[in-house]
Amino acid sequence: MPYTLAKDNRTGYENGNISAVMDGEIDGFINAFLKQNAKNKSEI
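Described in the following lines is the structure provided in the data block.

Each value, and the rule that gives it
For every chain, the first residue of the written sequence is number 1, and numbering continues from 1 onward in sequence order. Where local features are concerned, this predicted model is filtered to residues with pLDDT of at least 70; where side-chain atom pairs are given and counted, the filter is 80 or more; whole-chain, interface and lining totals use all residues. Values reported for side chains reflect all heavy atoms of the structure, with hydrogen atoms and water molecules removed beforehand. Centres within 6.5 Å are what make two rings of Phe, Tyr or Trp a pair, Trp counting through its six-membered ring; a difference in plane orientation under 30 degrees is then read as stacked, over 60 as edge-to-face, and the rest as tilted. Each helix corresponds to a stretch of at least 4 residues labelled H or I by DSSP, and each strand to a stretch of at least 2 residues labelled E; elements are numbered beginning at the N terminus. Like charges are joined within 9 Å and nonpolar side chains (Val, Leu, Ile, Met, Phe, Trp, Tyr) within 5 Å, but only among residues with over 30% relative accessible area and no salt bridge; these make up the patches. Residue-level accessible areas treat just the shown protein chains as cover; the underlying method is Shrake-Rupley with a 1.4 Å probe. Should a side-chain nitrogen of Lys or Arg be within 4 Å of a carboxyl oxygen of Asp or Glu, the pair is scored as a salt bridge. Each residue's exposure class comes from its accessible area (1.4 Å probe, protein chains only) as a fraction of the maximum for that residue type: buried when under 20%, exposed when over 50%, partly exposed otherwise. In the analysis that follows, any N or O atom pair within 3.5 Å is treated as a polar contact, provided that within protein one partner can donate a hydrogen and the other can accept it, and provided that, for residues neighboring in sequence, both atoms belong to side chains. Here, two residues are considered to be in contact whenever any of their heavy atoms come within 4.5 Å of each other.

Next up on the list: the packing of aromatic side chains. Applying the stated criterion across every chain yields a total of 1 aromatic pair. Consider the rings of tyrosine 13 and phenylalanine 29, whose centres lie 4.7 Å apart with planes at 80°: the pair is edge-to-face. Residue tyrosine 13 is located in the loop between β1 (6-7) and β2 (14-15), and its partner phenylalanine 29 is located in helix α2 (residues 27-42); the two are separated by 16 residues in the primary sequence.

Written out as structure tokens, the structure is:
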């Protein structure tokens, strides 16, 4: 069975619906990145 998990190692966000991610549903990845980016900027 093929691997069916899309994961962003920078943010730790995971999505088990690989078909949706490949179809362009990447809002979860974008939100996780923006939250991490905002957090990193506030720590400076």
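We are not done yet, so read on.
Judged by side-chain polarity, Ile26, Ile30, Phe33 and Leu34 come together as a nonpolar surface patch covering roughly 340 Å² of accessible area. Here isoleucine 26 shows up in the loop between α1 (18-22) and α2.

Another point: the side chain of aspartate 8. Mapped onto the elements, aspartate 8 comes out in the loop between β1 and β2. Using a relative accessible area of 9% as the deciding quantity, one classes aspartate 8 as buried. Looking at aspartate 8, its side chain comes within polar contact range of the main-chain nitrogen of arginine 10, at 3.0 Å. Setting aside residues up to four positions removed in sequence, aspartate 8 forms contacts with Tyr13 and Phe29.

So, on to the side chain of asparagine 15. Mapped onto the fold, asparagine 15 is located in strand β2. Overall, asparagine 15 belongs to the buried group, its relative accessible area being 18%.

Let's shift gears to the environment of glycine 16. Summarising the element assignment, glycine 16 is placed in the loop between β2 and α1. Each C-alpha atom, one on glycine 16 and one on lysine 41, is 29 Å from the other, the two residues being 25 residues apart in sequence. Apart from residues lying up to four places away in sequence, glycine 16 is in contact with Thr4 and Leu5.

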